[in-house]
Structures are given as structure tokens and as C-alpha cells.
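Results of the structural survey
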Amino acid sequence: MIQQEQERVITHHTVTLGPLTREGDAQVELVRQDADGTQHTRLLRVPAGLPGERVTIAVEEPPPPRSGRRSRRWKPRPPKVWITELHEASQLRTIAPCPVFGTCGGCQLQHMQYAAQLEWKRDVVRQLLQEIGGFDNPPLLPTVPCDIPWHYRNHMRFSVNREGKPGLTARGTHRVLPLQECPIAEENINRALSILSRHENPRPQALVRCSAYSQQVMIQPVPPQEVAAQLAESGLDLHTETMEETLVGATFRIRPSSFFQTNTAQAEKMAQMVLSGLLPTNDQSNEAAQQLTVVDAYCGVGTFALLLARHVGKVIAIEESASAIKDAQWNMRTVENVEILKGKVEAMLPTLSSRIDGLVIDPPRAGCQQVVLDALIQHPVSRIVYVSCEPSTLARDLNILCHLHPVYRLRTIQPLDMFPQTAHIESVAVLEHVESGQQTEDTIA
Ligand SMILES: C[S@@+](CC[C@H](N)C(=O)[O-])C[C@H]1O[C@@H](n2cnc3c(N)ncnc32)[C@H](O)[C@@H]1O
């Protein structure tokens, strides 16, 4: 069936959905036959679908470029696809609570039962470790669940539309869906959002951060007095330049542009995983830990550095962002055994790796640069905890450290669900140095 509205060309197809892509969409192959019998197969991604489901989908072709406006950088957009009818639902399906789920670019998995999300994330990590990492049987532990997989985000960056209303953008577009609440944002962010959405906000964005343990919220740009008064009336403690968050009993100061883990409850579990991955566990463990020098590479505001400093002899923390460094210096102001280095990990770590006992490394999605991996291969470190927000680059780096140069053994790898309802996957891998001649078989410790 073809429906034409002005320039919109929409076709409908009844199909059975295939596996989920890494981005959390269901794949489907559409086969079209030409008059001469030639078959054309087209791979489409269906948001809010699940493997095995029988559905009717609508496919809207992207508009052609306006004549004369085609630049050299123009690329055809993928078609917009959505489910119009669900004929046979998967047993893993649940009702997505958000009215804009499927259209909004924020979440991809609200329609999937939470236990199935955890299992899917583990399977993705396993597959990437096998295909990219070269691990036949990786020591993969179950995904650590988020105890309450809703209202967990302590940081939202809302886009603001022409009318000044904040919201999130629709998938694959810059179109703002104005929102008064979001089911994955912390309740205090939603409270602030509902107030902001009654006013005209400056474009292009409104950043809202909150604490999981207090009424502090930080909003940028700084709201005008009238809005600030309404925020205060609703019980929120408005901060504009810095705010504080608590993690494993320590207080961290955070500026608007500094990185801080987005899910405070899961960050607590992650911090414990980092500590148990790096600290010795024998009878003399306290004394032994006091002898260690460890590096916190890509340290942000110093989360792991501050917690490690309670246990080890010395921590060296490396970070390039000026804003995060200022926060880290404040966070570590009373701690004497942490040295904070401002600069790039790729410039600093090679000068340090020969004299350290442990390393926690938490790079951005792109993973570690080759020069960082080279330094860890040339001067092996006894224990490494690699925290990753992108399992494909983690698998690539583990392949280099454990197989291409078999210097480390992968002891454990564990996904940790930092981002429920979305396709983002965080993992923590623990590596240990293998002396030459020892076997490098991967183990679950
Ligand atoms: C994923 S965050 C980790 C932060 C910290 N470990 C935490 O748990 O809060 C990555 C951090 O690395 C910093 N960064 C990115 N590239 C860097 C580089 N080449 N050298 C040093 N720091 C970098 C970013 O500014 C950011 O603070």
C-alpha cells in the first residue's frame, strides 16, 4: 500500500522481526522483486520492536534533496520506520511507560522486560569479546542490575525548541519533543523540568543536574529570578556554578561541564568493583595495599582516586579537562596521598607505567589510544581495572593487551547496567599481568 502526503512516500509491510542491532533496534530484511525477476534486499532498523515479533511497519522514505542544494557532504538519510500494528508480540515485551518512546532518541529498550535487557547487554558484550576481542570463552559475569531501573539519571541535557520549551530530540533528527517529565530522569530533574517548561528558556540547551542524596539541582544557563523562586518554592536547592554529590560516603564537587557518573546508585557499585579489582585480598591486605602506587587515568573529578586514596599508599590521577581538574583539586583538598596531573593520558601514562602497581582506566567511548596500550605492554602493571562505556572498543583494547601481545590475562569482565531502558552498555574488566612463560588462559577469579 502506498500513501502519498505532499512529498511523503510511505509504504507498509507485514514482517517478522530479526535480532536487535547494537543500537537496540530490531532488524528486518525487505525483499522486493523487479519486473525482470531481480531481487533487491533492503535491511531496515525497526525501533521499539523485538526479535520474532510479527508486525506491520510503515516505511517513510527521506525527502530527496531540494534541487541545487545538494552539497558534496550530503548523504541520504535512512528511512523512518515505525510499527503500525503488532500481530504477535514477543514474550519479552512489556508496556513502555513513556508516551514518546519509539519517537524520542533517548531510550531504546523501554518495551523490553528489564531481565531481558540485562541478558541482552551481556550477550552483546560476549559477542563483541568473541568477534573483536578473540576470546573464545570470555570470563563474563552476569550484568549487575540497577535496583530501580527508572528515574536514575542525575544529569540531563535538554534541547530547547523555537518556543523556548525544553525536551529531548526525536530519533535521528534535531526536532525537539517538548517534555514535562522523563521516566529515566531523577524525580528532582523532572520537578525542575516541569517548572522550566512553563517558561521561555534560552536556546539551544538547558542542562539540569541533581544530587541523589539532597535537594541540590544545578541548572545552566542560570535561570532568571522568577524561575529560581519557583524552583525554591518546590523545595529544590538551586545551584548554578557547582554542586555536590555523595558517593561511597565521600562528597564530590561537580561543575556543569565536568564528567560525573550519570547513575549515582550504580556508580557506587562500580566504585566497589574498582576497589575490589585493584586491592589485595590476602590476610595482610591492608598493610600490602599501603605499599601500592596506583594510577586513576581519565579521572574526571577524581571519583576513583579519592576512594582509592583511603586504602593505598599513593594515587596519581590524570585528567585533561580544566573544569574536572578544578573539581578534583577541591575534592582532594584534604587528602595528602593523591597527585593530580593535568594533561592527556597518552602523554602522561608512558612516563609512569614503569613505577606503578595498579591502574584504573576509564576512557571515553573511543577507548585507549595505541600509545597508552603500548606503554602498558612495555611496562606491565600488576593489576588493571578497565571501566568502559563502549564494549566494542573495550574488546579491541583487550585483544591487544591479552592476545596480540599476551602480556595480560583477563580475570573477569562484568557489564554493569548504568543506563537502563537504553542500549548503552557499561562494563568493568579486571586484568592481571602474566609473567612470561605463564599461561594466559582467561579466568573467572
Ligand atoms: C568516562 S569519563 C571518566 C571519569 C571518571 N573516571 C569518573 O568515574 O567519574 C572520561 C574522562 O576522561 C577525560 N578525558 C578524555 N580524553 C582524555 C585524555 N586524552 N586524557 C585525559 N583525560 C581525558 C574526560 O574529560 C572525562 O573526564
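All residue numbers refer to position in the chain's written sequence, counted from 1. Totals for whole chains, interfaces and linings use every residue, but because this is a predicted model, local features are given only for residues with pLDDT of at least 70 and side-chain atom pairs only at 80 or more, for both listing and counting.

At least two bridges found by DSSP between two strands is the condition for calling them paired. Under the DSSP-based scheme used, a helix requires at least four consecutive residues in state H or I and a strand at least two consecutive residues in state E, with every element numbered from the N terminus. Strands sit in the order 9-8-7-10-11-12 across an open sheet of six strands; the sheet is mixed. One side of each edge strand has no neighbouring strand; the edge strands of this open sheet are strand 9 (176-178) and strand 12 (237-239). Within the sheet, the average angular offset between the axes of one strand and its neighbour, ignoring direction, is 40°. Where strand 7 (residues 155-160) meets strand 8 (residues 166-169), two bridges bridge the pair, whose relative direction is antiparallel. Bridged to Val-160 within strand 8 is Pro-166. Of the strands in this sheet, strand 7, strand 8, strand 10 (205-210) and strand 11 (216-220) are in contact with helix 2 (residues 187-196), which crosses strand 10 at around 150°. Each axis is a line fitted through C-alpha atoms, and for a helix only the stretch in contact is used; angles between axes span 0 to 180 degrees, taken between their N-to-C directions. C-beta atoms are first placed from the backbone for all residues, and any pair lying within 7 Å is then listed as a contact.

Next up on the list: the domain arrangement of the protein chain. Domain start and end points were adopted from an automatic or database domain assignment. Partitioning the protein chain into structural domains gives domain 1 (2-93), domain 2 (116-147 + 263-433) and domain 3 (155-254). Just the C-alpha atoms count here: the centres of domain 1 and domain 3 sit 35 Å apart.

Now for the environment of Leu-247. On the secondary structure map, Leu-247 appears in strand 13 (residues 243-247). In this structure, Leu-247 is in contact with Phe-252, Thr-264, Ala-267, Glu-268, Ala-271 and Thr-303, ignoring residues within four places of it in sequence.

Before going further, it helps to examine the UniProt feature "active site" (unreviewed entry) in the protein chain. UniProt positions are given in the numbering used here, feature names are shortened, and annotations may be inferred rather than shown by experiment. As annotated in UniProt, the feature "active site" (unreviewed entry) corresponds to Cys-389 in the numbering used here. Structurally, Cys-389 is set in the loop between strand 19 (383-388) and helix 10 (391-404). Buried residues are those with 20 or more other C-beta atoms within 10 Å of their own C-beta, exposed residues have 12 or fewer, and partly exposed residues lie in between; C-beta atoms are placed from the backbone. You can call Cys-389 partly exposed: it has 19 C-beta atoms within 10 Å. Filtering out sequence-adjacent residues up to four positions away, Cys-389 remains in contact with Arg-365, His-424 and Glu-426.

With six of its six residues buried, strand 19 lies for the most part within the structure. With four bridges joining them, strand 18 (residues 358-361) and strand 19 adopt parallel strand pairing. Across the sheet, the residue bridging to Val-360 is Val-385, located in strand 19. For strand 19 and strand 21 (residues 426-433), the ladder comprises six bridges, and the chain directions are antiparallel. Paired with Tyr-386 across the bridge in strand 21 is Ala-429.

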